[in-house]
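# Examining the three-dimensional arrangement
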Amino acid sequence: MTILAADPRSHVLRRNNVTESGDRSARPIVFAHGFGCSQEMWQAVAPQFEADHRVIVFDAVGSGKADPEAYDPAKYDSLHGYADDVLEILEALDLHDVVFVGHSVAAMVGVLASNVDPSRFGALVLVGPSPRYLDDDGYTGGFRRDDIDGLLDALDANYLGWSATMAPLIMGHADRPELGAQLTESFCSIDPRIASQFARVTFLSDNRRDLEQVGTPSLILQCSDDVIAPTAVGRYVHEHIQGSRFVQLEATGHCPNVSAPDELADEIRAFLR
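Scope of this entry: the structure provided in the associated data block. As the structure is a prediction and not an experimental result, all values here were calculated from the model.

Here is what the cut-offs are and how they apply
Residues numbered from 1 in each chain as written. Predicted model: local features only at pLDDT ≥ 70, side-chain atom pairs only at ≥ 80, totals over all residues. Heavy atoms only, no water. Salt bridge = Lys/Arg side-chain N within 4 Å of Asp/Glu carboxyl O. Helix = DSSP H or I, 4+ residues; strand = E, 2+ residues; numbered from the N terminus. Buried < 20%, exposed > 50% of the residue type's maximum accessible area, 1.4 Å probe, protein only. Polar contact = N/O pair within 3.5 Å; in protein donor to acceptor, adjacent residues only side chain to side chain. Contact = heavy atoms within 4.5 Å. Expected span 1.5 Å × (residues − 1). Phe/Tyr/Trp six-rings, centres within 6.5 Å; stacked < 30°, edge-to-face > 60°. Lys NZ or Arg CZ within 6 Å of the ring centre and 35° of its normal.

For the rest of this paragraph, the subject is the pattern of salt bridges. One pass over the structure, following the stated rule, counts 18 salt bridges. Among the ionic pairs, Asp97 bridges to Arg27, the shortest N-O distance being 3.1 Å. In this pair, Asp97 sits in the loop between helix 2 (79-92) and strand 5 (98-103) while Arg27 sits in the loop between strand 2 (19-22) and strand 3 (28-32), placing the two residues 70 residues apart along the sequence. Judged by its relative accessible area of 40%, Asp97 is partly exposed. The closest approach of N and O atoms between Asp156 and Arg200, which form a salt bridge, is 2.7 Å.

Listed below in structure tokens is the structure:
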């Protein structure tokens with residue numbers, strides 16, 4: 001596995017700590033992580049595709065080992081800033097027919113990027129996606145406004161304490177506390193100021209209209225007992241992306257890339273056949 005950084009494209013690749021493995025001549029598959037995470041969240045999934053794909057993982061700016069100096073509060077005050085980064089990565093690596101696998105908020109980042117330049121994308125795999133977390137008239141997002149306000153206030157007041165409480169709930173699997181501990185550690189590695197802004201961008205965004213513009217073949221993977229993206233949200237995404245496929249996983253919680261990596265990989269492979 002090599003980190004790509006020694007050519008004129010190196011700024012983009014260093015910025016997002018882009019890492020590549022697998023077969024360079026094969027179809028590219030890009031894995032994108034969610035809030036509070038890093039490319040390490042794909043360590044049990046991405047290697048399963050190395051035999052027959054060009055595998056790319058990266059860290060969103062503000063996360064993992066991405067360049068901390070690259071964080072611009074104005075740019076990243078919208079998910080479009082993260083989508084622009086994805087497109088720059090694909091351009092830097094000259095990737096086409098990309099399978100983009102986005103978990104949680106990164107699913108909507110992939111939707112936005114594919115709508116801007118669909119020529120780069122061959123498939124979207126949206127894992128636990130949500131175009132809007134807030135309930136609305138005729139729409140169930142899973143959270144009331146006071147829920148979100150309380151969540152964000154608690155995050156601002158004590159980010160480490162918030163992480164220790166929320167990460168195990170988001171992960172689920174109370175019978176496997178090591179999984180919640182892994183997500184807690186990931187959350188706690190993020191600069192609290194960046195986490196606060198990213199949380200607001202994530203939980204207050206409304207990307208419902210963007211779904212109808214998607215022309216890329218799409219797979220929606222939904223867990224049960226997901227406190228972040230309930231089943232109704234996954235069904236909504238499926239109904240509003242024309243021709244998409246919906247799969248209800250046996251996995252529970254919000255992070256099947258950690259809790260059920262083999263099932264997740266199997267469903268991705270089945271979709272790509």
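Bringing unusual backbone geometry into the picture now. The phi angle at Asp97 is positive, at roughly 55 degrees, despite the residue not being glycine. You will see that His173, though not glycine, has its phi angle at about 60 degrees, which is positive.

This paragraph deals with the side chain of His103. Tracing the chain through its elements places His103 in strand 5. Reaching out from His103, the side chain makes a polar contact with the backbone oxygen of His254 at a distance of 2.6 Å. The contact partners of His103, leaving out residues within four places of it in the chain, are Ala32, His33, Gly34, Trp42, Val127, His254, Cys255, Pro256 and Asn257.

Before going further, it helps to spend a moment on helix 3 (residues 105-116). With twelve residues, helix 3 extends 17 Å between its outermost C-alpha atoms, agreeing within 8% with the 16 Å of an ideal straight helix rising 1.5 Å per residue. Summarising burial for helix 3: ten of the twelve residues are buried, a large majority. At its buried positions, helix 3 is contacted by strand 3, helix 2, strand 5, strand 6 (121-127), helix 7 (192-204) and helix 8 (208-211).

Attention now goes to helix 7. The terminal C-alpha atoms of helix 7, which comprises 13 residues, lie 18 Å apart, in line with the 18 Å expected from a rise of 1.5 Å per residue. One side-chain oxygen at the N-terminal end of helix 7 lies 2.8 Å from the backbone nitrogen of Arg193; it belongs to Asp191.

As for its position among the elements, Gly62 is in the loop between strand 4 (54-57) and helix 2. Note on Gly62: relative accessible area 15%, which makes it buried. On a C-alpha basis, the gap between Gly62 and Ser38 in space is 9.6 Å, while along the polypeptide they are 24 residues apart. Setting aside residues up to four positions removed in sequence, Gly62 forms contacts with Tyr71, Ile190 and Ile194.

For the rest of this paragraph, the subject is the packing of aromatic side chains. One pass over the structure, following the stated rule, counts 14 aromatic pairs. Here the aromatic rings of Tyr82 and Phe198 are separated by 4.8 Å at their centres, their planes lie at 25 degrees, and the arrangement is stacked. With Tyr82 in helix 2 and Phe198 in helix 7, this residue pair connects regions lying 116 residues apart in the sequence. As far as the burial class goes, Tyr82 and Phe198 line up, both buried. Ring geometry for Trp162 versus Phe187: centroids 5.9 Å apart, planes at 15 degrees, classification stacked. Highlighted residues: Trp162 in helix 5 (residues 159-171) and Phe187 in helix 6 (residues 177-188), separated in sequence by 25 residues. The buried category is assigned to Trp162, whose relative accessible area is 7%. One aromatic cluster is present, formed by Phe35, Tyr71, Tyr76, Tyr82, Tyr159, Trp162, Phe187 and Phe198 through successive ring pairs. If you follow Arg269 out to its NZ or CZ, it ends over the ring of Phe49, 5.4 Å from the centre.

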